[in-house]
Amino acid sequence: MWALPVLPGASAEDPVLLGPGADEASQALDVDLLAAAEALGATGKVGEVLLVPVSGRADLVLLVGVGEADATSLRRAGAALARATKDRDAVVTTLAALGDEDGLEAFVVGTVLGSFEFHWRSQGPKARPVGRVVLADVGGDQDDESYDAALARGLAVGRAAWRSRALATVPSNLKNPEWMAEQARQLADEAGLEVRVWDEAQLAEEGFGGILAVGAASATPPRLVRLDYAPAGATASTPTVALVGKGITFDTGGLDIKPPDSMLTMKRDMSGSAAVLATMGALAEVGCPVRVVGLLPLAENAVSGSAMRPGDVITHFGGRTSEVNNTDAEGRLVLADAMAYAVAEVDPDVLVDVATLTGAMKVALGLHTAGYFATDDALATQVERAARASGENVWRMPLAAEYQERTASKIADVDNAAGGPGAITAALFLQPFAGGKPWVHVDFASVAEAVADRHELTAGPTGFGARLLLSWLGSETPLEGVK
Ligand code: BES
Ligand code: MN
Ligand code: ZN
């Protein structure tokens, strides 16, 4: 099968234009593909896919809308192409020929993610990804090496995002803290990273009170995972980024139990740790120039006689205490331990946490944008750039000091359920655990689930975060301007 690009035309007389390869295909097939596109009512809008029946073959030519053919459009067109070619052996396409290196990378990421399938069906998957995508004409007379690198990068980022999404999609009867730790060991082995896993006894010995309290009710005990990446040629002066990902393998809410509708999707409350894990695995491939330490605090927030109770006071790693006024505000309790550990033991130049932290973020930003908080404007600029480049949208939220006093507890250092504005008070809860380090907190509860297939997302868990982090950490100067 061939897939050719269609662009919006300049006027009513020329409603569409066909991209590279169309003239050659028209000649070879002896058919006027432009006339066919017009007859089919093509508009060239991104995501439009039209099948052109030629030479008695109903499945030979696909016309794929590419809109402005910028990187975002090519990512979406790639996903549309992948969906339209499922179950096929191969497709040859000139779509990526319309873009520069960034366009090629985005197209590849879109094609990989548009192919996403996850199933546990006894009879096999509903559909299989297209077997082979052949990119024709890419790079023109440009330097081929830069296009090869962009292709490799697109594949690395696409695979990482797929991995993150797949981990989030695994059901929680299979996915518990130890299962996640095992995924981390395997990934570390594949990617050549150092890995350490704390079991519940080691967590107790070292004082990880938040992770232990949240995991106390579960039949599958909590874990903490640490992964270490160093770029080739790293020296003592190579800076370090610490990434912390919320890893609640199922969130029932605990004794403050969730209603059924809210609990239904909580197998993916470990999406933050999935994003960090997937990112760690691809750092070398995107040429990350800084050291990165990934931390995954993993626990199941369950219900049983050994569950933490409303009103309990817990002592986090390093000694700060929290009063647990809502057992469903568990994410911040595990993040606090991991952040305090990072500050004390890793001493990073920058600390970032990613978490499906608050339902309030959905109210604040809707379902297509994640919120982030930053203590450093240069770091915020980096996040914004990475969001634009990767297609994972973010919006900056305020660490509004006006609400700090709401997080006060009568008997402990901090209250875990300070009330509204919920996304902001959650961030303010976490802020002291960053120990004054330049810090970014990404709360992506708003975009952790796609309600329907849309662009490169497939209905279900999105695996959000890996693309954003890789775009940031795979840039030449991820810490530029950070104080
Ligand atoms: N995992 C949830 C947040 C969440 C909600 C993620 C919806 C994705 C979709 C988190 O642990 C939680 O339950 N947060 C509470 C906090 C509250 C009790 C202070 C919430 O947002 O309601
Ligand atoms: Mn919760
Ligand atoms: Zn949660």
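(A) Expanded view of the site of ligand 1. Close to ligand 1 lie 17 residues, the nearest being Lys 258, Asp 269, Asp 328, Glu 330 and Gly 359. Within the contact set of ligand 1, an oxygen atom lies 2.8 Å away from a side-chain nitrogen or oxygen of Glu 330. Within the backbone of Leu 357, a nitrogen or oxygen atom sits 3.4 Å from a nitrogen atom of ligand 1. In the complex, 81% of the free accessible area of ligand 1, which totals 510 Å², lies under the protein chains.

(B) Representation of helix 10 (residues 271-282). Taking 1.5 Å per residue, 12 residues should reach 16 Å; helix 10 reaches 17 Å between its end C-alpha atoms and fits that length. The buried fraction of helix 10 amounts to 11 of the 12 residues, a majority that puts the element mostly inside the structure. What helix 10 keeps buried is the set Ser 271, Gly 272, Ser 273, Ala 274, Ala 275, Val 276, Leu 277, Ala 278, Thr 279, Met 280 and Ala 282.

(C) Quick peek at the domain arrangement of the chain. Partitioning the chain into domains gives domain 1 (2-137) and domain 2 (171-473). Between the C-alpha centres of domain 1 and domain 2 there is a distance of 38 Å. Between domain 1 and domain 2, the contact holds 11 residues from the first and 12 residues from the second. Of the roughly 900 Å² buried between domain 1 and domain 2 on both sides combined, carbon and sulfur atoms contribute 54%. The interface formed by domain 1 and domain 2 holds one salt bridge in total. Here Asp 453 makes a salt bridge to Arg 83, at a shortest N to O gap of 3.5 Å. Where domain 1 meets domain 2, there are four residue pairs in polar contact (both at pLDDT 80 or more). Every element with two or more residues in the side of domain 1 that touches domain 2 is listed here: helix 3 (71-84) and helix 4 (101-114). Residue composition of the side of domain 1 that touches domain 2, by class: six nonpolar, two polar and three charged.

(D) Structural detail: the sheet that holds strand 12 (residues 313-315). One open sheet holds the three strands; their spatial order is 12-13-17, and the pairing between them is mixed. Edge positions in the open sheet fall to strand 12 and strand 17 (414-415), since each of these has one partner strand only. The sheet contact formed by strand 12 and strand 13 (residues 321-323) spans three bridges and is antiparallel. Bridge pairing links Val 313 to Glu 323 in strand 13.

(E) Representation of the coordination of the zinc ion (ligand 3) within the structure. Within the protein, the zinc ion (ligand 3) binds to Lys 246 (NZ), Asp 251 (OD), Asp 269 (OD) and Glu 330 (OE); these donor distances fall in the range 2.0 to 2.4 Å. Considering all six donor atoms around the zinc ion (ligand 3), angles at the metal cover 78 to 174° and the coordination shape is octahedral. Expressed as a motif, the donor residue spacing for the zinc ion (ligand 3) is K-x4-D-x17-D-x60-E. For the pair the zinc ion (ligand 3) and the manganese ion (ligand 2), the metal-to-metal distance amounts to 3.2 Å, and Asp 251 bridges them. Of this pair, Asp 251 sits in strand 10 (residues 247-251) while Glu 330 sits in the loop between strand 13 and helix 11 (331-346), and the two are 79 residues apart along the sequence. Glu 330 sits in the buried class, given a relative accessible area of 0%.

Parameters and conventions
Residues numbered from 1 in each chain as written. Chains lettered and ligands numbered in written order. Predicted model: local features only at pLDDT ≥ 70, side-chain atom pairs only at ≥ 80, totals over all residues. Heavy atoms only, no water. Near = heavy atom within 4 Å. Polar contact = N/O pair within 3.5 Å; in protein donor to acceptor, adjacent residues only side chain to side chain. Areas by Shrake-Rupley, 256 points an atom, 1.4 Å probe, with all protein chains shown as cover. Helix = DSSP H or I, 4+ residues; strand = E, 2+ residues; numbered from the N terminus. Expected span 1.5 Å × (residues − 1). Buried < 20%, exposed > 50% of the residue type's maximum accessible area, 1.4 Å probe, protein only. Domains from an automatic or database assignment. Contact = heavy atoms within 4.5 Å. Buried area = accessible area lost by both parts, 1.4 Å probe. Salt bridge = Lys/Arg side-chain N within 4 Å of Asp/Glu carboxyl O. Nonpolar A, V, L, I, M, F, W, Y, C, P; charged D, E, K, R; others polar. Pairing = 2+ DSSP bridges. Donors = N, O, S within 2.8 Å, 3.2 Å for Na, K, Ca; no water. Tetrahedral: all angles 85-135°; square planar, octahedral: opposite > 155°, others 65-115°.

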